[in-house]
Each structure stands twice: as structure tokens, then as C-alpha cells.
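Coordinate inspection notes
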Amino acid sequence: MSVWFNPARELDALLRKVAPSVAGLDASFQPELRPSDPRHADFQSNGAIAAAKKAKANPRALATALVDALKASGELDESLVQVEIAGPGFINFKLTPKALGAWLREYRDESKWRAGAARIMGGRKVVIDYPSPNTAKQMHVGHLRPIVIGEAVARLIEFCGADLVRDNHIGDWGTNFGILILGIKRAGFQLDARSPTALEDLERLYKEGSALTKADPAQLDAARAELARLQQGDAASLALWTEIVAVSNAACQRIYDQFGLKTDVILGESFYRDKVDQVYAELQQHGLAEESEGALVMWCDEEPRFSRHAETKMPFIVRKKDGSSNYASTDLATLLYRAEHFKADEVVYVTDGRQQDHFQQLFLNGAKWFKETNRKLPRLRHVWFGTILGEDGKAIKTKSGDPVRLQELIDEATERAYVAVTEKNPDLPEAERRAIAKAIGVAALRYVDLSSNRTMDYSFSWTKLLAFEGNTAPYLMYAVVRVRSIFRKNGIEPGQGEAGATDPETPTEIALARKLLGFTAALDQALEDLRPHHLCTYLHELAAAYGAFYAADSVLVEDPAVKARRLMLCARTTAIMECGLRLLGIEPVERM
RNA sequence: GUUCCCGUAGUUCAACGGAUAGAACAUUGGUUUCCUAAACCGAGGAUGUGGGUUCGAUUCCCGCCGGGGACACCA
């Protein structure tokens, strides 16, 4: 038997294969294989309990019969996997030290893990839509989430074998531009893209205009009229618009650079300005959209919430009554472009949770449209996240006071990290301490955001975002530093000095080895619902397992076999930690 | 009002219907002639509430209480 990359997946397949030969089971048997509490086993299968109920059999007896069939199949090497029945009928699988050692020798670097993980999304064309900010605003703390979550999700998808296009779908064609252009005209403002305060000026004008439109409906109509003029191709409006977008994109890019974010294309809403007419035409031609109160709308009568008969009407407005496009129009056009031009098998939208209704409508209406026009609909997923709340428990918004600027947050995190690095490592050159501080500061920020389930809201807190202890990025990075230090001290690179390595033996070695194998399960889990926090949890557990191993078992010992196997554990730990950190967008450092 | 999320230690968060609900911070006791103590080992402390389904519920269903979001031309 060759060494399995993902034992849970293989055991699941084996159980399914032998199930039909067991009385009371058939091919529909679901093993429900999952990682187990390590106090009991490495993996457990709970399927026999449910199946026994269905077959009116004794669950333990059925589990026993299943295990007997598994052993009789000859495909299970019991020197590698031990099986036993526990409790009401759990089947527990425990990997032996021999299996752990074999895995560590076989799956030694990123190319091997990538090959193993490619079964998850290999060969699929995926378009991911992030961070997609609205233009003409400075990035504030609220922009942290789409950048950080989007980047992590993108890297995870790519790691698991997908052919990925990162599309920054910026909001550059909406009413915000009507408000802004109106404000510029009202103030007689001369926009100079080279001015260092250009973006601040735009933001101020936008805020003033936004306040006016809220106070006075006539101003809102005037802003809409400005937008309509822009969308109709007015030359002066377009010239101004071009300059605003340039200023905005340059400012965003400075933030992206610091987060290591690289998008492949920037196809904002404006890119689809000449593609929406086709959408309107097709929707009307196929009777999918209709006039309502002057606008062109779509209903989903099959979904009560979006039905025309709903108590509170929520139509999908694809064209406004003044003829201009909106979010829905451009998103439909964008969907078509991604399906036809990029040949996407899957489209992933990374936005905040307040847009859930919009995306449900987009997916439902998009599906109807594609069906009517005989097109293949990509799999559509909305990766949404909760809001960063202010002290008042409400979303941090530009309108209610100034939220913290993202750059300010990065600078503060970097400065705090610099103080810590200087205290711990005063002998390092200044430039290196600065570089390390920047890496740690940005990493700490992004890890806070990634480490909790993305659907949760959380309150903004300097203390929390700048924490360097506990389940934080510096803790994980420190584990890497300590591993690398061992190799540096020994004058070798990770991966060297492993010849003659024996199987893990001490409790801490075995615990670390099992945790290393857990990488495969962590990837599966993070990919299933595109939730990076599962990877964070795993990396934290791995770092903790390494910490315990490091404290209990000296690596640089006399016995060559012991030393070799511990060097192997160290090498795998740092490799998986570094790989996992990079998937989260965090660049590890050599020392700190 | 309709509808969608969310309620877990003092705090911030985990737990794909499974075994004794797991971490971190804070509190508290210990560990350094030894590979980076930004570390390690230990202690105390939690499922809003009332029903239901299930062999088994933090998880699924219903009611209530509490927080947040969306709801006709913002994105």
C-alpha cells in the first residue's frame, strides 16, 4: 500500500467500497468519516450508527461486520492503520508511528502537497471577484476584510489546483460618481491627479455631496442626472471620471502592495457600460424582465422573498427609470462576460454580508437568464463576511465620523512590532528590524481578521488588531523562527540531515507528527465553504504542538537516528507552517 | 412590518448531528547552567430561554428574549 496523502479520504472510499458486501448495507452507505478527537483516534466513522437504525440492526454489530469486511478486503495495512469499535458504534482509525513516519518521508514539500490537494479543484477555471472597492475614497479599516479574506480565499483555491483569475471589480460607474461630479462642479474644484491631497479632496467633496443628497431629494435627483450624463458619454464628464478613477486606483494600489495583493485584471463596472444593453434586450425578449414603476425589474416568484406577491416587494432592478444602469445590470453583464470570455466553471464573489439579498437575486435571476438562453451557468458562490463595528455597535461608515484609515492602522501595527523586535533583538541591523516589523505588523492585522469565522461581525479595537500574543500571527511566525534557528545553528537547510530518520516515538513527537498530517484535513475544511479560519485554527494547533515538542525533545542530540527524525519533524513543521502562512497571505521571517 | 444573519467562560473566538464543549486574552501557580521565554507545563471558569425531532443537539425545527443587516431605483 502506498502512503496516502489524505488518509481520511482514502478510508472513506474503502468503506464505501466494502459496504455492499455487508448484510444491511448497500452502495448508498455514507461512512461520515472525519477527524477525531486525538484522545480517541485520528479519524472516526459514524455512518454505521445511522445505517443500523435504517436497517433495524444493532449498531455495534453492524460496525463490527463492516470492519471485518474491511480487513478481509486486504486493502488495509494494519501495521499502518489500527481499527477498533467504540461507544455506540463509532469506528476508530488510528495511524501507527510507522504510518506517520512514512507520510513524513513521502510528503516532504509543497509540490507534493499541491499534487495531493489538486483533487479538490484541479482543472477548474475560477474567477474570484475581490477586493472590489468603491472608487474615490481612501481605504479605511472596513476595507481590511475584502482584501485579506479575498486574498486568502484566492490563494487557497489556487493551491488546490484551480486555474484562477483575480478580478478587481471596482465600483466606478455608480451614483457615487454622480454625487462626486456634482460636488466638484458645485465647488468649482480643479482636480489635479498629481496633487498629494487629491484623494482627500475628492473624499471631502463626496462627503459633502452625500450629506446634501440625503438632506435634499432634489440634490439626489441632480446627482442621478450627473450619473446619467456620464453614462450617456458626455465628454467633459468622462474626462473628469477618468482622472478620478486614476487617482483612486493609484491610492488603492499603494495599500494592495503592502498586503501583497495582486489582481490579474481590473474590470470595474464601467467596463460593462456597453454590455448592459444586450442584457436588457435578452431579458425582455425572453420575458424575464418587465417594466415596473418606470424601471426594468425581475421577479422570482418561485422564491417567496423575491416574489412579486411578497408582502415587502424586493424586485431585482436591472435598469433605473432614468435609463441608467445599476449594480444589478452590471453584475448580470459581468456574469455573462466571466462565463463567455473567461470560460469560468465557477465564480466566487467576496463581499460583505449586507449584500446577501443582492447576490441571492443575482444567482437566481442569472440562472433563469442562462437557462432561457441555453448557456452553461458557472457555479456561483457568495463568500460573505460580517461587518467591522464601531464602538456604537453599528457598522463603521464614512458618514458617521471618520473611521480609522487602513494606512494608519498598518503604520501603528508596524511601529508596535518595531518596538518589540528592537527589544528582543537589538543586535539586528536597523533595516532588517524595520523589514521584520513591517512583516509582523501587517501579518498581525490580517490574522486577526482571518482567524475568526468570516460570517461573524466584530468590533474595531486597537488592542485586538495589534495583539502580538496568543492566537496571533506573531505566535505562528515565532514557531517558524525557532525551527529555522535550529537549522541555522546546525549549518544545514531544512530537509537535510534526515537520512536514517526513525519513526516518531516520544509522545510529543507523535503528537506533532499527527498534527502535521492534519494539514490535509485542514485544507479540505477551509476549501469546503471557503473559510480561511479553519486553516488558522490548524496552524495555531500545529505551532502549539511544535512548542510542546520543542520544550520536551531536544533536536540536536548525539543519537544520529533520533536527531535525524527530529530534524525531519522540524523540517516538515516549518515547511507546512510557511506554506500555510503564505496561503493566508503572511510572509514568514527568518528571525524576529 | 416583512425578511436574513448572529446569541458559547469575565473578554475575544472554535466545535462539518457524535464521545469529557476546545483555544487565546485576562486571573492564578510553576519552568531558563539546555536548539530564540514573542516560549513551555498546570489551575479555576461557558452553550440566552422554553418546547420539539434524534440512540445522541452548541449544531436541525418551532416559540420567546436580545444584537445587527437588508427591504424601489446606493453599491
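For the structure, see preceding data.
Computed from a predicted structure; not experimentally measured.

Rules and cut-offs
- Residue numbers here run from 1 along each chain, matching the order of that chain's written sequence.
- Chain labels run from A onward and ligand labels from 1 onward, assigned in the order the entries are written.
- In keeping with the model being predicted, local features are shown solely for residues with a pLDDT of at least 70 and side-chain atom pairs are shown and tallied solely at 80 or more, while totals for entire chains, interfaces and linings include all residues.
- Computation of side-chain values: all heavy atoms of the structure, hydrogens and water removed.
- Between any two strands, pairing holds if DSSP finds at least two bridges.
- Helix and strand definitions here come from DSSP, where helices need a minimum of 4 consecutive H or I residues and strands a minimum of 2 consecutive E residues; each element is numbered from the N-terminal end.
- Axis lines are fitted through C-alpha atoms, for helices just across the contact stretch, and the angle between N-to-C directions can take any value from 0 to 180 degrees.
- When checking whether two residues touch, look at their non-hydrogen atoms; a contact exists if any pair is within 4.5 Å.
- Only one rule defines a salt bridge in this text: a Lys or Arg side-chain nitrogen within 4 Å of an Asp or Glu carboxyl oxygen.
- Per-residue accessibility, obtained with a 1.4 Å probe over protein chains only, is compared with the maximum for each type, and a residue is labelled buried under 20%, exposed over 50%, and partly exposed between these values.
- Buriedness for pockets is judged along seven lines, at least five of which must meet protein on both sides within 12 Å for an open set on the 1 Å grid over protein atoms alone, while cavities are sets there where a 1.4 Å probe fits but cannot get out, and lining residues have an atom within 4 Å of a point.
- Grid points are joined across faces, edges and corners, and a volume is the space filled by probe spheres set on the points.
- Each residue gets one of three labels, nonpolar for Ala, Val, Leu, Ile, Met, Phe, Trp, Tyr, Cys and Pro, charged for Asp, Glu, Lys and Arg, and polar for the others, Gly among them.
- The start and end points of each domain follow an automatic or database-based domain assignment.

A closer look at the sheet that holds strand β5 (residues 125–129)
The strand order across the open sheet formed by 4 strands is β6-β5-β10-β11, and the pairing between neighbours is parallel. Each having just a single partner strand, β6 (163–167) and β11 (379–385) make up the two edges of the open sheet. Pairs of neighbouring strands in the sheet enclose a mean axial angle of 20°, with direction left out of account. Strand contacts of helix α12 (residues 327–340): β5, β6, β10 (346–352) and β11, with the helix running at about 145° to β10, the strand carrying the most contacts.

Quick notes on the pattern of salt bridges
With the rule as written, the count across this model stands at 55 salt bridges. The salt bridge involving R338 is made with D167; its shortest N-O contact spans 2.8 Å. Placement of R338 in helix α12 and of D167 in strand β6 is noted, with a sequence separation of 171 residues between them. Comparing R338 with D167 shows no difference in burial state: the two are buried. The closest approach of N and O atoms between E226 and K185, which form a salt bridge, is 3.2 Å. In this pair, E226 sits in helix α9 (residues 217–231) while K185 sits in helix α7 (residues 175–187), placing the two residues 41 residues apart along the sequence. Assessed through its relative accessible area of 5%, E226 is described here as buried.

Considering the pairing of strand β3 (residues 81–86)
Regular strands place side chains that alternate from one sheet face to the opposite one. In terms of strand pairing, β3 meets strand β4 (residues 90–95) through 6 bridges, oriented antiparallel. If you follow Q82 over to β4, its bridge partner there is K94. Counting the residues between successive antiparallel strands, the hairpin from β3 to β4 contains 3 residues, one of them, G87, with a positive phi of roughly 50°.

Considering the layout of surface pockets
Here the second largest pocket defines a volume of roughly 670 Å³. If you trace the second largest pocket, you find 27 residues lining it, with P35, S36, K515, G518 and E541 closest to the centre. With 11 residues, helix α18 (residues 507–528) is the single largest residue contributor to the lining of the second largest pocket. Broken down by class, the residue content of the lining of the second largest pocket amounts to 15 nonpolar, 7 polar and 5 charged. In this structure, the lining of the second largest pocket is formed jointly by two domains, domain 1 (7–95) and domain 3 (406–583), each of which donates at least three residues.

Points about the environment of L212
Relative to the assigned elements, L212 resides in helix α8 (residues 198–215). Along the primary structure L212 and F5 are separated by 207 residues, whereas in three dimensions their C-alpha atoms are 61 Å apart. The residues touching L212, leaving out its near neighbours within four places in the chain, are R186 and Q219.

Any functional reading would require information that these geometric values do not contain.
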